[in-house]
Amino acid sequence: MFRRAVTALGVAVAGLVATAAPQAGAATPDADLVAKGAYVARLGDCVACHTAIGGKKFAGGLKIMTPIGAIYSTNITPDPTTGIGGYTLQEFSDAVRKGVRKDGSTLYPAMPYPAFSRMTDDDIKALYAYFMQGVTPVAQPDKATDIPWPLSMRWPLAIWRVVFAPTPKPFVAAPGTDPAVARGEYIVTGPGHCGACHTPRGFGMQEKALDAGGGADFLAGGAPIDNWIAPSLRNDPVVGIGRWSEDDLFQFLRAGRIDHSAVFGGMADVVGWSTQYFTDDDLTAIAKYLKGLPPVPPSKGDYVYDASTEKMLSSGKFDGTPGAEIYVQQCAICHRNDGAGVNRMFPPLAGNPIVVSENPTSLAHVVVAGGILPPTNIAPSAVAMPSYGKILNDQQTADVVNFIRTSWGNKAPGNVTADQIKKLREDGIALPTTEWSTHDTSYSSW
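This structure is a prediction, so every number in the text was calculated from the model and none was measured.

Rules used in this analysis
Residues numbered from 1 in each chain as written. Predicted model: local features only at pLDDT ≥ 70, side-chain atom pairs only at ≥ 80, totals over all residues. Heavy atoms only, no water. Axes fitted to C-alpha atoms, helices over the stretch in contact; angles between N-to-C directions. Helix = DSSP H or I, 4+ residues; strand = E, 2+ residues; numbered from the N terminus. Parallel < 35°, antiparallel > 145°, perpendicular 65-115°, else oblique. Left-handed = near helix turned anticlockwise from the far one by under 90°. Contact = heavy atoms within 4.5 Å. Nonpolar A, V, L, I, M, F, W, Y, C, P; charged D, E, K, R; others polar. Salt bridge = Lys/Arg side-chain N within 4 Å of Asp/Glu carboxyl O. Buried < 20%, exposed > 50% of the residue type's maximum accessible area, 1.4 Å probe, protein only. pLDDT = per-residue confidence, 0-100. Core = buried A, V, L, I, M, F, W, Y, C linked by side-chain atoms within 4.5 Å. Patch = residues over 30% accessible without salt bridge, like charges linked within 9 Å, V, L, I, M, F, W, Y side chains within 5 Å. Areas by Shrake-Rupley, 256 points an atom, 1.4 Å probe, with all protein chains shown as cover. Pairing = 2+ DSSP bridges. Phe/Tyr/Trp six-rings, centres within 6.5 Å; stacked < 30°, edge-to-face > 60°. Lys NZ or Arg CZ within 6 Å of the ring centre and 35° of its normal.

**Remarks on the packing of helix α15 (residues 361–369) against helix α16 (residues 394–405)**
Viewed as axis vectors pointing N to C, α15 and α16 meet at an angle of 130°, and their least axial separation amounts to 10 Å. Considering the angle they form, α15 stands oblique to α16. Here α15 and α16 pass one another in a crossing that is right-handed. Residues L363, A364, V367 and V368 of α15 pack against T397, V400, V401, I404 and R405 of α16. Split by residue class, the contact of α15 with α16 holds seven nonpolar, one polar and one charged.

**Quick word on the pattern of salt bridges**
Inspection of every chain in the model, using the stated rule, returns 11 salt bridges. Linking E246 and K288 is a salt bridge whose minimum nitrogen-to-oxygen distance equals 3.6 Å. One end of the pair, E246, is in helix α9 (residues 246–255); the other, K288, is in helix α11 (residues 280–292), and 42 residues separate them in sequence. What makes E246 partly exposed here is its relative accessible area of 34%.

**As for the confidence of the model for the protein**
Overall, the prediction assigns the protein a mean pLDDT of 87, with 89% of residues at 70 or greater. Per-element confidence in the protein is highest for helix α7 (residues 179–189), whose mean pLDDT is 98, and lowest for strand β1 (residues 63–66), whose mean pLDDT is 79. A low-confidence stretch, residues 1–26 stays under pLDDT 50, and its non-local contacts, those more than four residues away or across chains, total 131 contacts.

**Points about α9**
Most of α9 is tucked away: eight of the 10 residues are buried. Of the positions making up α9, those classed as buried are D248, L249, F250, Q251, F252, L253, R254 and A255. Elements in contact with the buried residues of α9: β3 (257–258), β4 (261–262), α10 (266–273) and α11. Immediately beyond the C-terminal end of α9, within one or two residues, lies G256, with a positive phi of roughly 80°.

**A word on the nonpolar core**
In this structure, F58, F92, M119, Y130, F131 and L290 are the most contacted members of the largest nonpolar core, which totals 61 residues. The element contributing the most residues to this core is helix α5 (residues 121–133), with seven residues. Grouped together as the second largest cluster of nonpolar side chains are 32 residues, V355, A398, V400 and F403 included.

**Re α15**
For α15, a buried count of nine out of nine residues is recorded, marking the element as mostly surrounded by other parts of the structure. All buried positions along α15 are accounted for by T361, S362, L363, A364, H365, V366, V367, V368 and A369. Where α15 is buried, its residues touch β5 (371–373), β6 (383–385), α16 and α17 (418–427). Downstream of α15 by one or two residues, G370 has phi in the positive range, about 85°.

**Considering a nonpolar patch on the surface**
Taken together, the side chains of W155, I159, V162 and V163 make up a nonpolar region of the molecular surface, amounting to roughly 460 Å² of accessible area. Tracing the backbone through its elements, the reader meets W155 in helix α6 (residues 155–164). Of the residues examined, W155 reaches a relative accessible area of 56% and is grouped as exposed.

**Focus: the pairing of strand β2 (residues 69–72)**
In the sheet, β1 pairs with β2 via four bridges, with the strands oriented antiparallel. Counted as the bridge partner of I64 is I71 from β2. Between β1 and the antiparallel strand that follows it, β2, lie two residues.

**A word on the packing of aromatic side chains**
Following the criterion strictly, the structure yields 15 aromatic pairs and no others. Each ring, one from Y39 and one from F278, has its centre 6.3 Å from the other, and the planes form 65°; the classification is edge-to-face. Here Y39, found in helix α1 (residues 31–44), pairs with F278, found in the loop between α10 and α11; they are 239 residues apart in sequence, far enough to count as distant. For the pair shown, Y39 and F278 are each scored as buried. Centroid distance F92 to F131: 6.3 Å. Interplanar angle 45°. Geometry classified as tilted. Of this pair, F92 sits in helix α3 (residues 89–98) while F131 sits in helix α5, and the two are 39 residues apart along the sequence. Each member of the pair F92 and F131 is classed as buried. By way of ring pairs, the aromatic residues F58, F92, Y128, Y130 and F131 are connected into one cluster. A cation over an aromatic ring shows up here: R42 above the ring of Y277, its NZ or CZ 3.6 Å from the ring centre. One Lys or Arg, K102, reaches over the ring of Y87 and ends 5.7 Å from the middle of that ring.

Have a look at this one:
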């Protein structure tokens, strides 16, 4: 399965190449600083992008699709020849916060350095200590990109960086900001780089807003990444988190499941690799910050449940409604005739923001590919949704997706066609993974 996108589900240091040199971080480890750096690495979810499926931790090799071709994440272990062992603290900081690698060239913007530009000096210093002193060196050369010439030339990236990437400036909260809210803002807009997936992109593939000062675009929902859509994190009651409480957000990030929602796709990787390890204080801070953001105007309205769908399904008389019989046969056993699902296992479809999103890609994708709820420290058992890619044809898939999007009071716009489902398959389906369980379950043991 896809392993985090240009966010969640987050992307970390893509294109970072070292030259042969003595290991720069060979000094005696500072255990406290290394432990702090390990936690900062969790905040940034570095492992998700810099570990290939079945590969060694942080050794790179993960394929990341971009609009111009595929790039591969790089080796960020402290190996002095193939990794970043030759980077000084300043060179490391320049790569993470400025997008400039050791040889002076610009990183591909798959690396979210516009967000990392606001990371504090202390966090960068700790992160450097962790990668140099707490990560096992792996001698593994980086893979070349699959981007055709002339798009593969790096010099235009420097222009992109000047136009779209802010000058690094450590985050400072606005005067009078509640300390918890300020911490949440720092994580969301900085190391957590939530906007990389949850904020729409402009003509240059730049995030349209990097923080709340950018207006309504900030965290208002992203564009398709690996055929997943990151939803709005603004307080809209229909397509956002307006009906979520702070505790809902806390539990969702910690366990990946709450009574009315469950992670899938790219966000499953975010929870599996990253947020489940955050401290309670940091999870609370994130929830407070997100719930404090104003709705994206204008509001999409509100959701009102309609019981007529349940009555029709329970009667067995589908009245020629496309997708209804398929839903009863394939979906209702978990998501029920009333669309309410099963708490903390199978998410509801009635009133679900993903279901009523303007872009149906995520819903169609999970029907075709299936999904897995990652095991977490709070909920140690994985829960899977099967793939229907070989059970349903393109038209049947389109029918059941349209049925779900317009039932129980759902009022999703547009109509999904069989041709759209066919294109989704052709573009590539990201299959579920269980890679989260192959590594240690505590960041402190890394």
